[in-house]
Amino acid sequence: MNENELTIRNLNAYYGGFQAISNVNMNIPAKEVTAFIGPSGCGKSTFLRTLNRMHEEIEGARVEGSIELEGQDLYAHALNPAAVRRHIGMVFQHPNPFPSMSIRDNVLSGLRFNSISCKGEAGDDIVEWALRSANLWDEVKDRLNKPGVGLSGGQQQRLCIARAIALKPEVLLMDEPCSALDPISTRAIEDLILELKQSYTIVIVTHNMQQAARISQKTAFFNLTAVGEPGHLVEMGDTEAMFSHPNMPQTKSYISGQFG
Amino acid sequence: MSLLTLNSSATKAREGKHWFARTPHEMPETEETGKTVATIESLSRRRKLRSLLMNCVVVVSACVVVIPVISIFWTALTRGIAQLSPYFLTHNMRGIVGGTYPYGGIFHAISGTVEITGVTMLICAPLGIFAAIYINEYARRSRLSRLVVSAVNIMSGIPSILAGLFAYALFSLLSGVGTINGFVGVVALAVLALPTVIKTSLEAVSRVPDTLRESALALGASRSVMIRKVVLRTALPGLVSAVILAIARIIGETAPLMIAAGIVDNTNFNLFSGRMMTLPAYIYNEYSQGLATCPTAHVASLMPCDPQIRIERAWAAALVLILLVAVFNAVGHWVARRSMAGSRHS
Ligand SMILES: Nc1ncnc2c1ncn2[C@@H]1O[C@H](COP(=O)(O)OP(=O)(O)O)[C@@H](O)[C@H]1O
Ligand SMILES: [Mg+2]
């Protein structure tokens, strides 16, 4: 049942002369939650950003290797990075709704950026659908024209998720989406992720082992041999297996260290 | 008020009565408690003295800042209000002789100031904002943007009289020696306004967090869409203040306009031909001429004459200038507020 959504082969990523990740091979299954764990600086964010071609937006940054989404090479010459990003949405660590826009306009921003018509009722439908999908509709339906930045941190993060899924992407990338949130908001986002995995392939970076165990079906452990060396993928497998009996000793020590 | 309360608590401290030592009914002090209270007290007295001193400094410096501002407004208001009338605002100085009635007005100076300042900003606002966008969004660390930034820094130090001379010299070369008109004034003011616009809008644009740019790109926005729909929209209040600041910078300029646009009595709407009066030039011109001549008392009884009229006109014009700046400010803030999300519908 699990065809691979994303296939990554021999991936290297660089910041100018500095290699941040080295030779990653990975299959990310469709309609499941895949968690990336590992110590800070091992390249989790960098790797995540290569998946929707955001890495290349940084000056001097480049990528080698191949990433395929349902067989289509994301780094093919003819492909516009904007098209890739429409299909692979992203949620950032700090909730960042556009401050000049209302809640409604935030949800529709992706469509507007891509000149997709969303006027009048069609727009209303998309707004309601996206906000319902992000479990936010009931909380904001009476103030859709109020600024998005007036919401609480957890609501803002769900607004950012609604903004990303309004474009109906196949994949959602999340880089520590709960690390700036309180436990209750974190719980709300985790519940949401579990619902969203019915319809989307989700890749999440997290520092929280319990979170990875709670919400993910697959876990990938990244590590780096020394500071200044590139990060690499140590192993990847079913979350349960990874947490109960990992293959590699360093995975075991990282996971158990984190559990204390 | 705060000074008073501080003072009284300081006095109490000097009397050796601390909040933790004082009781509604004074307790007799034992030898030991008296000692600890004394050491703590000396410490605390120093602290209170320092806080009192700081308070004085803050209050005094606040006064130093506020008093001149209030005093300027007050003087302009009280001295300018006498001559301010619909007649004064709608007439120019054509055919006004000495101090005899009718006293003339400033319509030509208002229209000149509005036209010259407006056209200057029509040129400088887009130019300056484009420059800021280029520097911040397209060429953050390029040699060209470093060059533009240092050019801006040098330009913002140019004395305004030099800007006037520059514009005058430029047009003497381009369209004949001695060309003086509104547009020469526009060029002089543009030299002064452009660095302000660039600097302030660069600040506004660079305050837009990078995470917003990233979010826009991650939603499939192209670079130009990201700049238009996110960067410019988010920076808009800052960009409006950039324009307001630049207007405030140039609207009171006198010397460059006297050189480049000249001084004239009649109303001239044509930027490209003939001298054009402006409010600051009007104020200077009136004030510098001092007392007006009046006919002998016998004739004056037939026709009113005010020897102080030039000074009064200068103050009335100054009041109008201040009000004009206030109006620009209000309009700017209104535009900025209106453009923010949420306030449109609710
Ligand atoms: N914009 C950047 N420019 C240069 N080096 C970077 C940049 N971002 C991250 N790095 C470096 O790349 C490595 C991996 O970083 P990152 O992917 O953020 O790690 P993680 O998300 O696992 O903590 C780190 O050594 C970091 O210093
Ligand atoms: Mg990271």
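### Section: the overall build of chain B
Looking only at helices and strands, one finds 13 helices and zero strands in chain B. Each helix and strand of chain B, placed in order from N terminus to C terminus, yields the pattern α-α-α-α-α-α-α-α-α-α-α-α-α. Buried residues in chain B amount to 40% of all 346 residues. Partitioning the intrachain contacts of chain B with sequence separation of at least 6 by distance along the chain shows that 74% fall at a separation of at least 24.

### Things to note about the site of ligand 1
Residue and element names in this part refer to chain A. Ligand 1 sits among Tyr15, Phe18, Ala20, Ser40, Gly41, Cys42, Gly43, Lys44, Ser45, Thr46 and Ile58. One of the side-chain nitrogen or oxygen atoms of tyrosine 15 is found 3.3 Å away from a nitrogen atom of ligand 1. Separating an oxygen atom of ligand 1 from a backbone N or O atom of glycine 41 is a distance of 2.7 Å. Coverage of ligand 1 by the protein chains reaches 61% of its 560 Å² of free accessible surface. Among the secondary structure elements, those contributing two or more residues to the shell around ligand 1 are β2 (18-29) and α1 (44-50).

### What to know about the interface of chain A and chain B
Many structure descriptions define interface size as the accessible area lost when the parts assemble. Listed by partner, the interface residues are 30 residues for chain A and 23 residues for chain B. Across the salt bridge formed by B:Glu214 and A:Arg49, the nearest N and O atoms sit 2.7 Å from each other. Between the two partners, chain A and chain B, sit eight residue pairs in polar contact (both at pLDDT 80 or more). Top element by residues in the side of chain A that touches chain B is helix α3 (residues 103-113) of chain A. It accounts for five residues. Grouping the constituent residues of the side of chain A that touches chain B by class yields 13 nonpolar, eight polar and nine charged.

### Some points on the nonpolar core
Membership of the largest hydrophobic core comes to 97 residues, with the highest contact counts inside it found for A:Leu6, A:Met26, A:Phe36, A:Phe47 and A:Leu131. It is helix α9 (residues 223-251) of chain B that provides the largest number of residues to this core, a total of seven residues. Once residues within four sequence positions are removed from consideration, A:Met26 is found in contact with A:Leu6, A:Thr7, A:Ile8, A:Arg9, A:Phe36, A:Phe47, A:Ala220, A:Phe222, A:Leu233 and A:Met236. Ranked by size, the runner-up nonpolar core spans 41 residues in total, among them B:Met93, B:Ile251, B:Met277 and B:Ala317.

### Digging into the packing of helix α5 (residues 143-155) of chain B against helix α7 (residues 182-206) of chain B
The description of two helices packed together rests on the angle between their axes and the distance between the axes. Residue and element names in this part refer to chain B. One way to put it is that α5 packs onto α7 with a least axis distance of 9 Å and a crossing angle of 130°. With respect to α7, the axis of α5 lies oblique. The way α5 lies across α7 gives a crossing that is left-handed. Here Val149, Val152, Asn153 and Met155 of α5 lie close against α7, whose contacting residues are Val191, Leu194, Pro195, Ile198, Lys199 and Leu202. Considered class by class, the residues forming the contact of α5 with α7 number eight nonpolar, one polar and one charged.

### With respect to the pattern of salt bridges
Within the structure shown, the criterion is met by 19 salt bridges over all chains. For A:Asp124, the salt bridge is made with A:Arg104, and the minimal N-O distance between the two is 2.5 Å. Of this pair, A:Asp124 sits in helix α4 (residues 120-133) while A:Arg104 sits in helix α3, placing them 20 residues apart in sequence. The closest approach of N and O atoms between A:Arg214 and A:Glu190, which form a salt bridge, is 2.7 Å. Here A:Glu190 lies in helix α7 (residues 183-196) and A:Arg214 lies in helix α8 (residues 209-215), a separation of 24 residues in the sequence. The class for A:Glu190 is buried, based on a relative accessible area of 2%. Taken together, the shared-partner salt bridges in this structure form one network comprising B:Glu137, B:Arg140, B:Asp210 and B:Arg213.

### A few points about the domain arrangement of chain B
Residues and elements named next belong to chain B. Considered domain by domain, chain B is made up of domain 1 (2-80) and domain 2 (86-345). Facing the seven residues of domain 1 at the interface are six residues of domain 2. Across the interface of domain 1 and domain 2, roughly 590 Å² is buried in total on both sides, 79% from carbon and sulfur atoms. By the criterion of area lost to domain 2, the three top residues of domain 1 are Ala76, Arg79 and Gly80, representing 68% of everything that side buries. Linking domain 1 with domain 2 are zero salt bridges, by the criterion used here. Our count for the contact surface shared by domain 1 and domain 2 stands at zero residue pairs in polar contact (both at pLDDT 80 or more). Partitioned by chemical class, the residues of the side of domain 1 that touches domain 2 number four nonpolar, two polar and one charged.

### Topic: unusual backbone geometry
Put simply, B:Tyr101 and B:Pro102 share a cis peptide bond, and its omega is 0°. Summarising the element assignment, B:Pro102 is placed in the loop between α3 (86-90) and α4 (107-138). The phi dihedral of A:Lys31 is positive, around 55°, even though this residue is not glycine. Here A:Lys31 shows up in the loop between β2 and β3 (33-37). At A:Glu176, a position not held by glycine, the phi torsion is positive, near 45°. Secondary-structure assignment places A:Glu176 in the loop between β7 (171-175) and α7. Overall, the relative accessible area of 13% leaves A:Glu176 in the buried class.

### Structural notes on the pairing of β2(A)
All names here are of chain A. In this structure, strand β1 (residues 4-15) lies alongside β2, joined through eight bridges in antiparallel fashion. Bridging from a neighbouring strand, threonine 7 pairs with asparagine 27 of β2. Hairpin remark: β1 followed by β2, antiparallel, with two residues in the connecting loop; positive phi at glycine 16, about 60°.

Scoring rules and cut-offs
- Residues numbered from 1 in each chain as written.
- Chains lettered and ligands numbered in written order.
- Predicted model: local features only at pLDDT ≥ 70, side-chain atom pairs only at ≥ 80, totals over all residues.
- Heavy atoms only, no water.
- Helix = DSSP H or I, 4+ residues; strand = E, 2+ residues; numbered from the N terminus.
- Buried < 20%, exposed > 50% of the residue type's maximum accessible area, 1.4 Å probe, protein only.
- Contact = heavy atoms within 4.5 Å.
- Near = heavy atom within 4 Å.
- Polar contact = N/O pair within 3.5 Å; in protein donor to acceptor, adjacent residues only side chain to side chain.
- Areas by Shrake-Rupley, 256 points an atom, 1.4 Å probe, with all protein chains shown as cover.
- Salt bridge = Lys/Arg side-chain N within 4 Å of Asp/Glu carboxyl O.
- Nonpolar A, V, L, I, M, F, W, Y, C, P; charged D, E, K, R; others polar.
- Core = buried A, V, L, I, M, F, W, Y, C linked by side-chain atoms within 4.5 Å.
- Axes fitted to C-alpha atoms, helices over the stretch in contact; angles between N-to-C directions.
- Parallel < 35°, antiparallel > 145°, perpendicular 65-115°, else oblique.
- Left-handed = near helix turned anticlockwise from the far one by under 90°.
- Domains from an automatic or database assignment.
- Buried area = accessible area lost by both parts, 1.4 Å probe.
- Pairing = 2+ DSSP bridges.

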